[in-house]
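Below, each chain spelled out in residue letters.
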Amino acid sequence: MRVVVVGAGPAGVRAVEQLVRSGIEPVWIEEAPDGGGRIYQRPPAGFRRNHRAIYGADAKRARALHAALEALKPRADWRPDTLVWNIRPRERLLDTQTAGRRRATVEYDALILCTGAMDRILPIPGWTLPGVTTLGGAQIALKAQGVGIGARPVFIGTGPLLVLAALQYAKAGATPALVLDTTAFATKAMASAGLLWNLPTFVRGLRYTAALRLRGVPVVEDATPIAIEGEGRATALRWRDAGWREHVTPCDAVAMGWGLKPEAQLADLAGVPFRFDELGHNWIPEKDGAGRTPVPGVYLAGDGAGIGGAEVAELAGARAALALLEDHGLPSDMVLRAHLDGRLRTEARFRAALERAFPYPADLARRMDDATLLCRCEAITAGDLRSAARAGGSEVNRAKALSRIGMGRCQGRVCGPPAAEVLSEALGLPLEQVGRLRGQPPVKPIPLPGSA
Amino acid sequence: MLTRLLDQDRPSLSFVVDGGAVSAKQGDTLLTAMLAAGLGHMRSSEFGDGERAGFCWMGACQDCWVFVEGRGTLRACTTLVQPGMTVRRR
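Residues numbered from 1 in each chain as written. Chains lettered and ligands numbered in written order. Predicted model: local features only at pLDDT ≥ 70, side-chain atom pairs only at ≥ 80, totals over all residues.

Draft legend 1. Summary view of the pairing of strand S15 (residues 236-240) of chain A. Residues and elements named next belong to chain A. Of the two faces of S15, the one holding Leu237 and Trp239 is buried and the one holding Ala236, Arg238 and Arg240 is not buried anywhere. Pairing between strand S14 (residues 224-229) and S15: five bridges, direction antiparallel. Paired with Glu229 across the bridge in S15 is Ala236. Linking S14 to S15, which pair antiparallel, is a turn of six residues; within it Gly230 sits at a positive phi near 150 degrees. (Buried ≥ 20, exposed ≤ 12 C-beta atoms within 10 Å, placed from the backbone. Helix = DSSP H or I, 4+ residues; strand = E, 2+ residues; numbered from the N terminus. Pairing = 2+ DSSP bridges.)

Draft legend 2. A look at the interface of chain A and chain B. The partner chain B presents 40 residues to the 52 residues of chain A that form the contact. Of all the secondary-structure elements, those providing two or more residues to the side of chain A that touches chain B are strand S8 (117-119), strand S9 (132-134), helix H4 (135-145) and strand S10 (147-148) of chain A. Examining the composition of the side of chain A that touches chain B, we find that six residues originate from one element, H4 of chain A, more than from any other. Its residues assigned to classes, the side of chain A that touches chain B comprises 25 nonpolar, 16 polar and eleven charged. Bridge analysis of S10 of chain A against strand S1 (residues 3-4) of chain B gives two bridges, and the strand direction is antiparallel. (Contact = placed C-beta atoms within 7 Å. Nonpolar A, V, L, I, M, F, W, Y, C, P; charged D, E, K, R; others polar.)

Draft legend 3. Molecular detail of the UniProt feature "domain: FAD/NAD(P)-binding" (unreviewed entry) in chain A. Mapped onto the present numbering, the UniProt feature "domain: FAD/NAD(P)-binding" (unreviewed entry) falls on residues 1-313 of chain A. For residues 1-313 of chain A, the end-to-end C-alpha separation is 25 Å, with 29% helix and 28% strand making up the annotated structure. (UniProt positions renumbered as here; feature names shortened; annotations may be inferred.)

Draft legend 4. Broad picture of the nonpolar core. All names here are of chain A. Counting 99 residues, the largest nonpolar core has Ala165, Ala166, Val254, Leu374 and Leu385 as the members making the most contacts within it. The leading source of residues in this core is helix H5 (residues 160-172), at eight residues. Ile39, Tyr40, Ala290 and Val443 belong to the second largest nonpolar core, which has 63 residues in total. (Core = buried A, V, L, I, M, F, W, Y, C linked by C-beta atoms within 7 Å.)

Draft legend 5. Structural detail: the UniProt feature "domain: BFD-like [2Fe-2S]-binding" (unreviewed entry) in chain A. Mapped onto the present numbering, the UniProt feature "domain: BFD-like [2Fe-2S]-binding" (unreviewed entry) falls on residues 374-425 of chain A. Counting secondary structure, residues 374-425 of chain A comes out at 52% helix and 8% strand; the distance between its end C-alpha atoms is 15 Å.

Draft legend 6. Structural detail: the sheet that holds strand S4 (residues 82-88) of chain A. All names here are of chain A. An order of S4-S5-S6 is seen for the three strands of this open sheet, with the pairing classed as antiparallel. The open sheet is flanked by S4 and strand S6 (102-107), the only strands paired with a single partner. On average, adjacent strands in this sheet sit at an angle of 25 degrees to one another, irrespective of strand direction. As paired elements, strand S5 (residues 93-98) and S6 share six bridges and run antiparallel to each other. Residue pairing in the sheet places Thr98 in a bridge with Arg102 of S6. (Axes fitted to C-alpha atoms, helices over the stretch in contact; angles between N-to-C directions.)

See the structure below:
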């Protein structure tokens, strides 16, 4: 049986581990030159910081995952630096490109997609200025390159990553000028009972905020970012506090992010249907609790199948592999299966509370000024999209054809969620009725070698 | 302004951007090396709305494309700098 695993983050590593245990040697494809995923991304060769210095409280998990990754590489058909840019589900074929040039097709009987996530963004004026990055980007800069996006950055958004990234910067010597959380403390407090399902994570969040304040970093809640200012680079954030007073905070960089969104384009191409997840406020591919999709032979695990975080991704990766083995009549560990099912159920309750505690500020997206650049690829404004709505753009793919929103180089990865909010408001339709941008091959641009 | 903070005691190397020599450290991505050298941006938006310096740092947004001699258009955030590499911004 030809089994292919796409992705070598927490979900992919644990999926391959279970497959190898059962005597399967999967083709293991990773887009990055190294495995680990984004949370446990490693610096390239030559960096010397140890796990404790890079991953802090997650050092133990990171070390264990990296050890498993290295042990599994020789036991699989390991193909790093390889992008799966298309899936042909009827023929059960993947189209790949390695090192930006070598093309190949890979046959599969069963496929586990562990494609991860990226930051969910709220465009504000100035967000395309040099010096502005995603929250995840700011973390990767520090973790994998030892650099800060600035010496005096501002962090805006909401969610567990916001205070964590800000504290990592403070400890590295780039003290944030401001941490702006769009969520009110009361919203977070209301969800706190549910957050107790994962007490250590909950307590960590509170501790990080306290630690930031101890270091003199202003942490404001229930605040609104108005604009990033600067000529040719970000030099200040204009924002409004809960009492509607305006402030300008000078800075030399801005990191932004409001939770995560699945990178689910490959699931889409594999023919997996999607549903709108009210709680996570995201479109997610359909799967059962074990990672089976309605498409025979296709399994999903990790953040690419709905946001759960790195810890859940490890559980879900193992679980999806066990489901695959079971479905194909191969021996799989039943004790482990029961254990994983229990853990995943508990974690789902925690995730539900987390989503309630850190909501996407949909109202800010819906009220975005006409002049605000919504799509950074093609410089399309919120006003352009509203015109497309008036011209008959009754759902996102129709609006895409009319306005080019989501048609650019990132294919709607960044602008997708806020664009759906703007369209939903303009059309007076519920968010789920304006739909989602369909995935198109190639899922990422595949530059022609040597092209100018 | 991108700032070198930790783990920067690595051997130096030199590469070329828009005809000028730029100093980098082994293990830098093109994005890190060019921004840390004070080059400020990676590309200009084709739509005249200003310069861009990447955004996601994880190969998703495609906003840090540069042209590398002999290799074509690449994402600066996922490409390690090599000695003698010749980069053009556009």
